[in-house]
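The residues making up each chain are set out below.
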Amino acid sequence: MRKRWISLLATGLLVAGFLTPASPAMAAPTFRVPFPCGQSWSGQTRSDHSPAYAVDFNRTDDLGDPVVASAPGTVDRVTNLGNTSYGKYVRINHGGGYSTYYAHLNGFNVSVGQTVGYGKVIGWVGSTGGSTGPHLHYEQRLNGSDIQVRFNGSLALYWGTKSYSSGNGCSSGAGSGTVDTSGTPLTVRSGPGTGYASVGTVADGAKVTIACQTSGTSVTGTYGTSTIWDRIGSGRFIADAYVYTGYDGYIPNVPRC
Ligand SMILES: [Zn+2]
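Because the structure is predicted, anything quoted here is derived from the model rather than measured.

## Focus: unusual backbone geometry
Link 1 in the chain: In this chain, Ser-50 is followed by Pro-51 through a cis amide linkage whose omega measures -5 degrees.
Link 2 in the chain: For Pro-51, the location among the structural elements is in the loop between β1 (40-45) and β2 (55-58).
Link 3 in the chain: Cis geometry is found at the peptide bond from Tyr-158 to Trp-159, where omega equals -5 degrees.
Link 4 in the chain: When you line up the elements, Trp-159 lands in the loop between β13 (154-155) and β14 (160-165).
Link 5 in the chain: The backbone of Asp-61 sits at a positive phi, close to 50 degrees, despite the residue not being glycine.

Shown next as C-alpha cells:
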C-alpha cells in the first residue's frame, strides 16, 4: 500500500507540474523609506552611481540618525569593509530573491540572523568606506542584481533629487511611559517647552502613550536633564525628563513630531 500510494502521488505531481504554467516572479515586498515614520529625506539618483539604481539619502545634520529596515526580513550581512566601498553595511534578505543594502553606516544595531520588521533601527547614518560625507547609500536588489528602487510600489525618481517622506513603521510607532515626579502632578504644555501654556496635569505614576517625540526646552527631572518632549495628545506635551520610557534619549521607532 505504501509503495502504491507514493507512486500515485508522484504521478499526480507530474501531471500537476505539466499543467501548471511557469510560475510568475514572486511579488516584490512593499518597501518603505529606510528612515523612521514621518521623516523627510532628500534622495538622489545619478547615472554614474555604482550601482546605477542606488539612492543616496541626506538631510541636515544627518550623521548618527537612525536607519531602519525598509521591509520585514532577515539580516544576512553585517560587514565592515574598512575604508573602501560600502564601509560598514547591512544587508537584509526579504525572500523571493529580494534584498536591500544600507551602506556607509556609522554603527550597527543588528546582527546576522536577526529577524527585522518595518521601522526596526538597523544602524546609524555615517560616512564609512569610500564616502566623502555622511549619507545613507541604499539599494534594492533582485537575485543579486541592482533594481530600480520603489517605495510603496512607486518608482523613485530616475534621475535626480527628490524629497521622500517616510511612512515606515508608523502603525507601531507609539511608545509608552510612566510619569515619575515623586509626588507632584506633571504640567502638560501646549507645545514642547516650559514657555508654552499649561493645559493641564498628569498624575505621578500615570501611564502615558507617546505619539511622537521632539526637541524643546531643557528640563531637569527625575531622569536627569533632557531637551526631549513627549506628545501625549493633540497639543499636549510633557517633559521626557519626568517619564520612564526604558530609554535614554529618544525611544527607537517612535517618530519625531
Ligand atoms: Zn551611494
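Now that the structure has been shown, we can carry on.
## Comments concerning the coordination of the zinc ion
Link 1 in the chain: Distances from the zinc ion to its protein donors, His-49 (NE2), Asp-56 (OD) and His-137 (ND1), fall within 2.0 to 2.1 Å.
Link 2 in the chain: All donors of the zinc ion belong to a single chain; written as a sequence motif, their spacing is H-x6-D-x80-H. With His-49 in the loop between β1 and β2 and His-137 in strand β10 (residues 136-142), this residue pair connects regions lying 88 residues apart in the sequence. Each of the two residues, His-49 as well as His-137, counts as buried.

## Structural notes on the sheet that holds strand β15 (residues 175-179)
Whether parallel or antiparallel, the strands of a sheet pair through hydrogen bonds between backbone atoms.
Link 1 in the chain: Here three strands make up an open sheet; going across it, the order is β18-β15-β22 and the pairing antiparallel. Looking at which strands have only one partner, the edges of the open sheet turn out to be β18 (207-210) and β22 (243-244).
Link 2 in the chain: As defined by bridge partners, β15 adjoins β22 across two bridges and the pair is classed as antiparallel. Looking across to β22, one finds that Thr-178 is bridged to Tyr-244.

## Observations concerning the pattern of salt bridges
Link 1 in the chain: What the rule picks out here adds up to five salt bridges.
Link 2 in the chain: Across the pair Arg-46 and Asp-56 runs a salt bridge, and its minimum N-O distance is 3.0 Å. Placement of Arg-46 in the loop between β1 and β2 and of Asp-56 in strand β2 is noted, with a sequence separation of ten residues between them.
Link 3 in the chain: Since its relative accessible area comes to 7%, Asp-56 is described here as buried.
Link 4 in the chain: The residue Asp-76 makes a salt bridge to Arg-91 at a minimum N-O spacing of 2.8 Å. Of this pair, Asp-76 sits in strand β4 (residues 73-80) while Arg-91 sits in strand β5 (residues 88-95), placing them 15 residues apart in sequence.
Link 5 in the chain: It is possible to trace a salt-bridge network through shared partners that takes in Arg-46, Asp-48 and Asp-56.

Reading guide: rules and limits
Residues numbered from 1 in each chain as written. Predicted model: local features only at pLDDT ≥ 70, side-chain atom pairs only at ≥ 80, totals over all residues. Heavy atoms only, no water. Helix = DSSP H or I, 4+ residues; strand = E, 2+ residues; numbered from the N terminus. Donors = N, O, S within 2.8 Å, 3.2 Å for Na, K, Ca; no water. Buried < 20%, exposed > 50% of the residue type's maximum accessible area, 1.4 Å probe, protein only. Pairing = 2+ DSSP bridges. Salt bridge = Lys/Arg side-chain N within 4 Å of Asp/Glu carboxyl O.

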